[in-house]
Amino acid sequence: NSKVIQTPRYLVKGQGQKAKMRCIPEKGHPVVFWYQQNKNNEFKFLINFQNQEVLQQIDMTEKRFSAECPSNSPCSLEIQSSEAGDSALYLCASSPLGYAEQFFGPGTRLTVL
Amino acid sequence: GDSVTQTEGLVTLTEGLPVMLNCTYQSTYSPFLFWYVQHLNEAPKLLLKSFTDNKRPEHQGFHATLHKSSSSFHLQKSSAQLSDSALYYCASQTGNTGKLIFGLGTTLQVQP
């Protein structure tokens, strides 16, 4: 079973509010991914890190989304100004290598009212 | 760009019958392929991963064979169980950043 920890499990925000979620990867996994799973169950890759360095991110992430993985602290994903379309399940996954299987946490379900 | 296609949105079958969920992919390079299973309100869990040496991965009675000639990685099981009811995703992985590209998923409903 995956040992990726995500908090909070549920997050409710108003439009324009900040939304922040956290992820603790499995011990020994230096690579962390963030995905968005929408209400149609479609996955969208957002960003990934190896240790503290960003490997790849999509354009959307560069605008209202920010993420970091500081050493000795949980990784985090923050939406600066939430929009209704951001309502989704945000999944964090970790991996022992960049090119290997990924293990997912339970996700943070964000609802933007 | 790379893509993964799962043609069935919903597969309904009777317990004990064989299961086959389709997955095809498009990629410039030779990707790794994965099957993930997601039960309601749970995280996706890794079910299978393709091997580079063409071995057939198996787990919990499921297996899949990577056919590069047809760009397919169909998921199969000889006998469906009620507990197999879930959402199944096929995903590909290429490139040195490792991001997964998911199909749209297939919901498997196993009936008594």
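Above this note sits the structure.
This text gives an overview of the structure that appears in the document. Please read these numbers as outputs of a predicted model, since none were measured by experiment.

In terms of regular secondary structure, chain B is built from 0 helices and 12 strands. When its helices and strands are written in sequence order, chain B yields β-β-β-β-β-β-β-β-β-β-β-β. Against the globule reference of 13 Å for 112 residues, chain B gives a C-alpha radius of gyration of 14 Å, in line with a compact fold. Projecting the C-alpha coordinates of chain B onto the three principal axes gives extents of approximately 45 × 30 × 20 Å. Taken across its 112 residues, chain B has 46% of its residues classed as buried. When the accessible surface of chain B is summed, it comes to about 5500 Å², and 50% of that surface belongs to carbon and sulfur atoms. Taking the 7 positively charged and 7 negatively charged side chains of chain B as two groups, their mean positions are separated by 8 Å.

Turning our eyes to something else, we now look at the environment of Lys13(A). Residue and element names in this part refer to chain A. With respect to the helices and strands, the residue Lys13 is situated in strand β2 (residues 10-13). In the structure, Lys13 is positioned 70 residues away from Glu83 in sequence and 9.1 Å away in space, judged by C-alpha atoms. Ignoring any residue separated from it by four or fewer positions in sequence, one finds Lys13 in contact with Lys18, Ala19, Ser82, Leu110, Thr111, Val112 and Leu113.

Turning our eyes to something else, we now look at the sheet that holds strand β8 (residues 75-79) of chain A. Residue and element names in this part refer to chain A. The strand order across the open sheet formed by 4 strands is β1-β3-β8-β7, and the pairing between neighbours is antiparallel. Among the strands making up the open sheet, the edge pair consists of β1 (5-7) and β7 (65-68). Averaged over all adjacent pairs, the angle separating strand axes in this sheet is 15°, with direction ignored. Sheet topology places β1 next to strand β3 (residues 19-24); 3 bridges connect them, and they run antiparallel. Directly across from Gln6, in β3, lies its bridge partner Cys23.

Each value, and the rule that gives it
Residues numbered from 1 in each chain as written. Chains lettered and ligands numbered in written order. Predicted model: local features only at pLDDT ≥ 70, side-chain atom pairs only at ≥ 80, totals over all residues. Heavy atoms only, no water. Helix = DSSP H or I, 4+ residues; strand = E, 2+ residues; numbered from the N terminus. Rg over C-alpha atoms; globule rule 2.2 N^0.38 Å. Buried < 20%, exposed > 50% of the residue type's maximum accessible area, 1.4 Å probe, protein only. Areas by Shrake-Rupley, 256 points an atom, 1.4 Å probe, with all protein chains shown as cover. Lys, Arg positive; Asp, Glu negative; His and termini not counted. Charge placed at Lys NZ, Arg CZ, Asp CG, Glu CD. Contact = heavy atoms within 4.5 Å. Pairing = 2+ DSSP bridges. Axes fitted to C-alpha atoms, helices over the stretch in contact; angles between N-to-C directions.

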